[in-house]
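As a plain string of letters, each chain reads:
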Amino acid sequence: MANLILIITSHILLLAAIVSAGKGENFEKNINRKHFGLRKEKLTFFRVYWHDIQSGTYPSSVVLRPPLSNSSFFGAVTMIDNRLTTGVSVNSTLVGQAQGMYAGAGQHDASALMVMNFAFKTGKYNGSTISILGRNAVMTKVREMPVIGGSGLFRFARGYVEARTKWLNVKTGDATVEYSCYVLHY
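Computed from a predicted structure; not experimentally measured.

1. Concerning the overall build of the chain
Then step 1. Counting its secondary structure elements, the chain contains one helix and nine strands.
Then step 2. Reading the secondary structure of the chain in the N-to-C direction produces α-β-β-β-β-β-β-β-β-β.
Then step 3. Within the chain, the fraction of its 186 residues that count as buried is 34%.
Then step 4. Pairs at least 24 apart in sequence give 46% of the contacts found in the chain among residues at least 6 apart.
Then step 5. Summed over all atoms, the accessible surface of the chain reaches about 11800 Å², with 60% contributed by carbon and sulfur.

2. Remarks on the pattern of salt bridges
Then step 1. Scanning the model with the defined rule gives six salt bridges in all.
Then step 2. Between R158 and E41 there is a salt bridge, with the nearest N and O atoms lying 2.3 Å from each other. Separated by 117 residues along the polypeptide, R158 in strand β8 (residues 158-168) and E41 in the loop between α1 (2-21) and β1 (42-52) bring together distant segments of the chain.
Then step 3. Judged by its relative accessible area of 27%, E41 is partly exposed.
Then step 4. Connected through shared salt-bridge partners, R47, E162, R164, K166 and E178 make up one network.

3. Notes on the layout of surface pockets
It is a probe the size of a water molecule, rolled over the atoms, that shows where empty space is left.
Then step 1. The space that makes up the largest pocket amounts to roughly 750 Å³.
Then step 2. Forming the walls of the largest pocket are 30 residues, and the residues nearest its centre are F73, Y102, V138, L168 and G173.
Then step 3. The set of elements that each furnish at least two residues to the lining of the largest pocket consists of β1, β5 (111-120), β8 and β9 (175-185).
Then step 4. Tallied by class, residues from the lining of the largest pocket come to 16 nonpolar, 10 polar and four charged.

Reading the values: rules and limits
- Residues numbered from 1 in each chain as written.
- Predicted model: local features only at pLDDT ≥ 70, side-chain atom pairs only at ≥ 80, totals over all residues.
- Heavy atoms only, no water.
- Helix = DSSP H or I, 4+ residues; strand = E, 2+ residues; numbered from the N terminus.
- Buried < 20%, exposed > 50% of the residue type's maximum accessible area, 1.4 Å probe, protein only.
- Contact = heavy atoms within 4.5 Å.
- Areas by Shrake-Rupley, 256 points an atom, 1.4 Å probe, with all protein chains shown as cover.
- Salt bridge = Lys/Arg side-chain N within 4 Å of Asp/Glu carboxyl O.
- 1 Å grid on protein atoms, 1.4 Å probe; cavity = no way out; pocket = protein on both sides within 12 Å on 5 of 7 lines; lining within 4 Å.
- Points joined across faces, edges and corners; volume = space filled by probe spheres on them.
- Nonpolar A, V, L, I, M, F, W, Y, C, P; charged D, E, K, R; others polar.

So, in structure tokens, the structure goes:
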């Protein structure tokens with residue numbers, strides 16, 4: 001009986017919410033850009049080096065799901081918390097972390113779906129992020145992926161990144177990739 005009363009009460013509350021929402025009130029409104037500190041849009045370029053380390057005691061890249069076969073990367077899912085540095089050496093100046101995942105998306109080619117945030121930890125952009133989501137044709141010399149958003153000083157960001165592999169160890173899967181980033185933001 002108590003369950004029946006609870007179900008009836010929740011249905012009545014849900015119905016009341018639906019009826020009150022349908023009174024023709026606008027659910028949206030225009031907002032002054034200055035309210036969010038939005039001024040003239042800027043184009044920022046920066047270059048960072050992404051260090052994907054799968055080997056050793058403290059890997060920054062962990063395979064959550066192995067590929068479907070040994071001959072293909074397809075189906076593999078890898079979580080990352082990779083260093084972003086100012087130089088090719090993994091020990092060069094740390095500016096942030098690339099956090100997210102990539103997954104083997106190509107059945108007949110080495111392509112990955114990249115889903116990651118560049119989270120900056122130093123300087124002017126400390127605490128800011130850019131979000132990257134796109135296809136990475138791993139064996140191509142230059143790969144382009146979109147910047148789909150950001151936070152902090154990169155709020156409302158859009159743009160693209162170019163990825164170039166600088167170093168790869170085929171046995172361990174460790175790699176260093178240069179990311180040239182072109183980001184429009186306010």
